[in-house]
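Descriptive structure summary
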Amino acid sequence: MKPIQVGLLGIGTVGSGTFNVLKRNQEEITRRAGRGIEITMVADLDVARAQAVVGAGVQVVNDARAVIANPDIDIVIELIGGYGIAKALVLEAIAAGKHVVTANKALLAVHGTEIFAAAQAKGVMVAFEAAVAGGIPIIKALREGLTANQIQWVAGIINGTTNFILSEMRDKGLDFDVVLKEAQRLGYAEADPTFDIEGVDAAHKATLMSAIAYGIPVQFDKAYVEGITQLGAADIKYAEQLGYRIKLLGIAKRAAKGIELRVHPTLVPAKRLIANVEGAMNAVMVQGDAVGTTLYYGKGAGSEPTASAVIADLVDITRLHTADPQNRVPHLAFQPGALSDLPVLPMSEVVTSYYLRLRVADQAGVLATVTGILGQAGISIDAVLQREAAEGENQTDVIILTHGTREGSMDAAIAQMQALPTVLAPITRIRKEELA
Ligand code: HSE
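Residues numbered from 1 in each chain as written. Predicted model: local features only at pLDDT ≥ 70, side-chain atom pairs only at ≥ 80, totals over all residues. Heavy atoms only, no water.

Focus: the sheet that holds strand β6 (residues 126-127)
Spatially, the 6 strands line up as an open sheet ordered β3-β2-β1-β4-β5-β6, and their pairing is parallel. Pairing within the sheet leaves two strands with one partner each, and these edge strands are β3 (59-61) and β6. The sheet strands contacting helix α3 (residues 47-54) are β2 (37-43) and β3, and the helix crosses β3 at an angle near 160°. (Pairing = 2+ DSSP bridges. Helix = DSSP H or I, 4+ residues; strand = E, 2+ residues; numbered from the N terminus. Contact = heavy atoms within 4.5 Å. Axes fitted to C-alpha atoms, helices over the stretch in contact; angles between N-to-C directions.)

Structure, rendered in structure tokens:
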């Protein structure tokens, strides 16, 4: 059978990896897919560099629309990124009847509803394994491997840059700003790292996972997003003393009245496998009612790890290309007509436990007043750690771990404690998950 023909939009790090792995493993991929898969056309603004990557046998153009207009192209891979031109090109490719493979989490998390509806109407597939956790096949696991389950929660380290920074902060006892500069120097963090360190990239990925875990539309605008820029070395050290590590987690959880969708630094028991995921690696835990807890670990970025996910999508599409669209795996795992309107809960309705650090005057009755406020609010204390005041100092840190409570109740209690004249600095609050 004639090989399926693929057009590639953007041949940077992931595009080159995709081209090289497809070529290197051509024979095995063909045996798996049932027919050959060939990148026959590439669009990139730097035509000379792109041509050098793919060699003389592949047509390279600087106009992505020329790829979409080519009637021989069956699948378009979008590796441009962002919401701008990438959105227009993906919609144009769909309108031209092409299947689309994309690693663009930002595009799908924000405009997924429009894009999946367009693909549905046109009977084409939009595949996005590479958009979440790079080479880890977590989309496949959630959408297919765990399809028997009611998913109770998904919690993942889904941003390598921030995990690298947090690992370095813990290992070396350094503050965020120092480690960020070092990460940029080593190439682990982008020159503009905003999306990574502010938690936006992780929230894009968590949004996609929430949609396929619960059969709800993609709703990035409802996600709670908090990054790691405010984390101090002291909190990492105190967490360690209490038996926890701090990780930036993307969490999607089924609650009684809706879905929790949140990204924030989180205390995780040090004994959990996921707490020991270090450096730029990614890991995702999924708990289903039938399977129990499962864990997926691997590289969340990089040329060939991400290419591995892109090519998995190419193979899936090649296998299902001739199937009746009704018989394909639905984009968001649930049939398009069966999506749920279960709401994404506001943060005030989320229930979790907390680590609080209060800088307080070291005098009689302070701890009693603070714990009194928590008690009045119905917030149960799990542990308290008070450091001895340093020589000659009359203030100290009090660390409190709480049991599960509604975020709205905690907000009110924090406001009350903050107003005490004996609380001398802004209270640090970090959420805590046992992931048991
Ligand atoms: N910037 C991401 C990370 C990789 O640091 O994990 C691409 O999503």
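From this point on, the discussion continues.
Brief notes about helix α7 (residues 138-145)
Among the residues of α7, those classed as buried are Ile138, Ile139, Ala141, Leu142 and Arg143. Where α7 is buried, its residues meet β7 (151-157), α11 (200-214), β11 (281-288) and β12 (292-299). (Buried < 20%, exposed > 50% of the residue type's maximum accessible area, 1.4 Å probe, protein only.)

Digging into the domain arrangement of the protein chain
Each assigned domain of the protein chain is listed with its residue range as follows: domain 1 (4-135 + 303-333), domain 2 (138-299) and domain 3 (351-432). Between domain 1 and domain 3, the C-alpha centre-to-centre distance is 51 Å. (Domains from an automatic or database assignment.)

Overview of the packing of aromatic side chains
Counted according to the given criterion, the structure contains 2 aromatic pairs. A ring pair is formed by Phe116 and Phe128, whose centres lie 5.6 Å apart and whose planes are at 45°; its orientation type is tilted. With a gap of 12 residues between them, Phe116 in helix α6 (residues 105-122) and Phe128 in the loop between β6 and α7 connect regions that are remote in the sequence. Seen from the ring of Tyr238, Lys237 lies directly overhead, with NZ or CZ sitting 5.4 Å from the centre. (Phe/Tyr/Trp six-rings, centres within 6.5 Å; stacked < 30°, edge-to-face > 60°. Lys NZ or Arg CZ within 6 Å of the ring centre and 35° of its normal.)

Re the pattern of salt bridges
A complete count under the given rule lists 31 salt bridges for this structure. Its salt-bridge partner being Arg406, residue Glu349 comes within 3.3 Å of it at the nearest N-O pair. One end of the pair, Glu349, is in the loop between α13 (303-320) and β13 (351-361); the other, Arg406, is in strand β16 (residues 405-406), with 57 residues separating them in the sequence. Its relative accessible area of 32% is what places Arg406 among the partly exposed residues. A salt bridge links Arg429 to Glu407, with the shortest nitrogen-to-oxygen separation between them at 3.3 Å. (Salt bridge = Lys/Arg side-chain N within 4 Å of Asp/Glu carboxyl O.)

Thoughts on the site of the ligand
Near the ligand, the surroundings consist of Lys105, Asn159, Gly160, Thr161, Asp196, Asp201, Lys205 and Ala301. The separation between an oxygen atom of the ligand and a polar main-chain atom of Gly160 is 2.6 Å. Compared with its free state, where it exposes 260 Å², the ligand has 81% of that area covered by protein. For the shell around the ligand, the secondary structure elements donating two or more residues are α8 (160-172) and α11. For the shell around the ligand, the residue count by class is 1 nonpolar, 3 polar and 4 charged. (Near = heavy atom within 4 Å. Polar contact = N/O pair within 3.5 Å; in protein donor to acceptor, adjacent residues only side chain to side chain. Areas by Shrake-Rupley, 256 points an atom, 1.4 Å probe, with all protein chains shown as cover. Nonpolar A, V, L, I, M, F, W, Y, C, P; charged D, E, K, R; others polar.)

Re the packing of α7 against α11
Contact geometry of α7 with α11 gives a least axis separation of 9 Å together with a crossing angle of 15°. Classified by the interaxial angle, the pair formed by α7 and α11 is roughly parallel. You can see that α7 and α11 cross each other, and the crossing is right-handed. Of the residues in α11, those in contact with Ile138, Ile139, Leu142 and Arg143 of α7 are Met209, Ile212 and Ala213. Looking at side-chain class alone, the contact of α7 with α11 contains 6 nonpolar, no polar and 1 charged residues. (Parallel < 35°, antiparallel > 145°, perpendicular 65-115°, else oblique. Left-handed = near helix turned anticlockwise from the far one by under 90°.)

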